[in-house]
Amino acid sequence: MRLLTKTNLYFVAASLVVFCIGGVFFYILFQLIIDNDLTTKLQSRKAYVVKQITESDSLLLYQKFSSNTINIEQIAAMPYETETVSDTVLRDDVEGKLIGYRQLSFYKNINGRNYKIQVRRMLVETQDLIQGVIILEAFLFLAFVAILAVLNNQLSRRIWKPFYLILETINTYKIDHAEHLRFSKSSITEFSELSVAIEKMTTKINKEFNNQKEFTENASHEIQTPLAIIKNKLELLLQTSGLDKDQLSLITAASAATNRLSKLNEALIILAKIENQQFHAVGNICVNELIDNHLSNLDELIKIKEIKVRKSYQEIIYTKMNPFLAEILFENLIVNAIKHNNSLGFISITLGPKLLIISNSGNNPTNNTDKIFQRFVKGNQKSQSLGLGLPIVKAICDTYLMPLGYRFENGIYSIELQFT
Amino acid sequence: MKILIIEDERELLNAIKEYLQSEGYLCEEAMDLPEGIHKIQRYKYDCVIADIGLPGGSGLKLIAELKAQQSDTGIIIISARNSLDDKINGLDLGSDDYLTKPFHLSELNARIKSLLRRRKFRGNNEVAFKEICLMPDTLRTIVKGSNVVLTKKEFDLLLYFISNPNKVLTKESIVEHLWGDYMDSTDSFDFIYTHVSNLRKKLIDNGSNDYVKTVYGVGYKFTAE
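Fair warning: this is a prediction, and the values are worked out from it, not measured in the lab.

Scoring rules and cut-offs
Residues numbered from 1 in each chain as written. Chains lettered and ligands numbered in written order. Predicted model: local features only at pLDDT ≥ 70, side-chain atom pairs only at ≥ 80, totals over all residues. Heavy atoms only, no water. Helix = DSSP H or I, 4+ residues; strand = E, 2+ residues; numbered from the N terminus. Buried < 20%, exposed > 50% of the residue type's maximum accessible area, 1.4 Å probe, protein only. Contact = heavy atoms within 4.5 Å. Axes fitted to C-alpha atoms, helices over the stretch in contact; angles between N-to-C directions. Parallel < 35°, antiparallel > 145°, perpendicular 65-115°, else oblique. Nonpolar A, V, L, I, M, F, W, Y, C, P; charged D, E, K, R; others polar. Core = buried A, V, L, I, M, F, W, Y, C linked by side-chain atoms within 4.5 Å. Pairing = 2+ DSSP bridges. Expected span 1.5 Å × (residues − 1). Polar contact = N/O pair within 3.5 Å; in protein donor to acceptor, adjacent residues only side chain to side chain. Salt bridge = Lys/Arg side-chain N within 4 Å of Asp/Glu carboxyl O. Buried area = accessible area lost by both parts, 1.4 Å probe. Phe/Tyr/Trp six-rings, centres within 6.5 Å; stacked < 30°, edge-to-face > 60°.

What chain B contains, in helices and strands, is 8 helices and 14 strands. Classification of the 225 residues of chain B by burial places 54% in the buried group. Long-range contacts, defined here as pairs at least 24 residues apart, represent 59% of the contacts in chain B between residues at least 6 apart.

What follows is the structure, encoded as structure tokens:
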């Protein structure tokens, strides 16, 4: 939900409360005004009637004159009270409905005669009043909401424009791109503060990222060089004459460990680079072709283990990827299927619509297969592998948002990869 | 054959130098870029081996310098950075080969020999060891005048052996030379054994002496001794 919509909902809710309370006040106020008005009107009518009686005797011919709005009666003696205001209900002559009236009763001696006079005015019905108020309120409320909606539309277009620009810039921001974020100036303090803060933050992140990147590169460089020295010195040592079996096996063991260390280092560097998204170039990769290439490269390995390869290509799949990463991805998947296979086992490769499934036979895993994509987790702890092949696969798939699944069922390992 | 090694790491430089000298090359050294440039301007080398990360600048600058001289000196770039960009950059600029640290000295030696063959003999070349003669362009192998049919891998293996005569070659270095990084050592040792014994058999059957000596637990040595 947009911020404006959210605030508006609160506005509307609050105004609904205000309008309700306002309605009650309106009602009371109207009532008061109408009352006041009635009283004034009745008073002026009283004066008029008195004047008429005084000036014209014709009225005096009647002992009694009565209608719904006026009632004049001659009485014998003047009572003590002189003037009362009260509400009464009378039947309407024409329609026969009961109608509320306010009446002013007073007693007056005019030209020597005592009169009881009642003047009345029809009351506005409460129901009508409430109805009127509600209609008015509803109209006002609708007008308010309509104006709010129009205003918001304009606001979000104009005032919030810089904010959406900032958002767009941040969305397209790539941490490993050298250029810094730049925002256009905004006249709104909050937004200009926000853009300054983001500029500062990204500059700092960029700097840190570059430091980190440099550190990774440098660390790898620094580690590879001593490794190269160890490896080369061991090689020279091997060439010296007169080595006995024990010495040879010491050198071989040291050399194997050095190799392993250097491969580990390389794998970790690749992993770091993938996770830092340092592979930009994108090519159109034919998955079928790439898999076939790797299979033929690995042919000897497959033959020596007497593994049967079953291919079922239902589709020719093209995907947009970095070519180097694509090489690593499919190589790792196939090498993995060969390495963790039994001799006389099988590998089955299925390419369906946007889908690759590589299954292979293998020994039951000694470790939990749920963690197979974590670094240094091996299906079988005794295995010589680095435990970085599948984490690299995972990292590449994550980079391209390709869903990756892993299963072990009835002695068959399956990796399923979906192309997007 | 004269080789210039430009590498800022003293011990690595020494190791490379020692191995190459034992192969009979005349080696000179430089430890930074200005010294390297100075030397290639003054003297003529058959091959230059240069690190990328050098004090005073990138070793890739040497490629441009050699190009400017229109020299036929071969150049091999060695780098600790296995980044594809560097590799492509280096090869694009005209480096003949690219090796990532850490490498096997035997591999470097094989690359130098292959480079020199391509440069000096314009590819029309033969590699000979006693009665064995290899023609890398046509992948032909001739022993005492008769043709021996070898598979591609066996041919590569033999060429690698002959490029490093009298040297102990570890199984790891052979695996890496033949299959690159594909293989993890343990499995692949078995088929090195297969390839080596097939090669041996074919050579002996065609009248060659057995030059392949097994160095127990380590690897092999190709020697006439």
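Don't stop here, the text continues.
Residue and element names in this part refer to chain B. Interaxial distance between helix α5 (residues 105-120) and helix α6 (residues 152-163) falls to 9 Å at its minimum, and their mutual angle equals 95°. Comparing their axes, α6 and α5 come out roughly perpendicular. Contact residues: Ser 106, Glu 107, Asn 109, Ala 110, Lys 113 and Arg 117 in α5; Leu 159, Tyr 160, Ile 162 and Ser 163 in α6. The residue makeup of the contact of α5 with α6, split by class, is 4 nonpolar, 3 polar and 3 charged.

Another aspect to go through is the nonpolar core. In terms of nonpolar packing, the biggest core is built from 76 residues, with Leu 329, Phe 330 and Leu 356 of chain A together with Phe 161 of chain B touching the most fellow members. Ranked by residues supplied to this core, first place goes to helix α8 (residues 323-339) of chain A with 10 residues. Beyond its immediate sequence surroundings of up to four residues, Phe 161 of chain B is in contact with Leu 169, Ile 174, Val 196, Leu 199, Val 212, Tyr 220 and Phe 222 of chain B.

What follows covers the sheet that holds strand β9 (residues 132-135) of chain B. Residue and element names in this part refer to chain B. Strand order in the open sheet formed by 4 strands is β8-β9-β10-β11, and the pairing between neighbours is antiparallel. The outermost strands of the open sheet, each flanked by one partner alone, are β8 (127-129) and β11 (146-148). Ignoring which end each strand starts from, the neighbouring axes of this sheet average 25° apart. With 3 bridges joining them, β8 and β9 adopt antiparallel strand pairing. Opposite Val 127, over in β9, you have Leu 134 as the bridge partner. Those strands touched by α6 are β8, β9 and β10 (140-143), and its axis lies near 115° from that of β9.

This brings us to helix α9 (residues 389-399) of chain A. Residues and elements named next belong to chain A. Within α9, burial applies to Leu 390, Pro 391, Ile 392, Val 393, Ala 395, Ile 396 and Cys 397. Residues of α9 that are buried in the fold lie against α5 (245-275), β8 (318-321), α8, β11 (404-409) and β12 (412-418). Following α9 by one or two positions, Leu 401 adopts a phi angle in the positive range, close to 55°.

So, about α5 of chain A. All names here are of chain A. The terminal C-alpha atoms of α5, which comprises 31 residues, lie 45 Å apart, in line with the 45 Å expected from a rise of 1.5 Å per residue. Capping the start of α5 is the job of one residue whose side-chain oxygen sits 3.2 Å from the backbone nitrogen of Asp 246: Asp 244. Two residues or fewer past α5, Gln 277 is found with a positive phi of approximately 50°.

On to the pairing of β12 of chain A. Residues and elements named next belong to chain A. Where strand β10 (residues 355-361) and β12 come together, 7 bridges link them in antiparallel fashion. Its bridge partner lying in β12, Leu 356 is registered against Leu 417. Taken together, β11 and the strand that follows it, β12, pair antiparallel across an intervening segment of 2 residues, in which Asn 410 is found at a positive phi of about 50°.

Residues and elements named next belong to chain A. Scanning the entire structure with this criterion turns up 25 salt bridges over all chains. With a closest N to O distance of 2.8 Å, Lys 303 and Asp 299 form a salt bridge. Of this pair, Lys 303 and Asp 299 both sit in helix α7 (residues 299-304), 4 residues apart, which is roughly one turn of the helix. Asp 299 sits in the partly exposed class, given a relative accessible area of 31%.

Moving on, we get to the interface of chain B and chain A. Taken together, the contact pairs 40 residues of chain B with 36 residues of chain A. At the boundary of chain B with chain A, total buried surface from both sides reaches about 3,600 Å², with 60% on carbon and sulfur atoms. Counting every contact that joins chain B to chain A gives 2 salt bridges. For Glu 300 of chain A, the salt bridge is made with Lys 153 of chain B, and the minimal N-O distance between the two is 4.0 Å. Linking chain B to chain A there are 7 residue pairs in polar contact (both at pLDDT 80 or more). For the side of chain B that touches chain A, the secondary-structure elements that each account for two or more residues are α1 (10-22), α5, β12 (168-170), α7 (171-179) and α8 (185-205) of chain B. Here the side of chain B that touches chain A is built from residues that sort into 16 nonpolar, 11 polar and 13 charged.

All right, on to the packing of aromatic side chains then. All names here are of chain A. Overall, the coordinates contain 16 aromatic pairs over all chains when judged by the stated rule. Ring plane angle 55° and centroid distance 6.1 Å describe the contact between Phe 19 and Phe 144, whose orientation is recorded as tilted. Placement of the pair is Phe 19 in helix α1 (residues 3-55) and Phe 144 in helix α2 (residues 126-158), with a sequence separation of 125 residues. In this structure Phe 144 comes out as partly exposed when scored by relative accessible area, which is 30%. Taking the centre distance of 5.9 Å and the plane angle of 80° together, the rings of Phe 373 and Tyr 406 count as edge-to-face.

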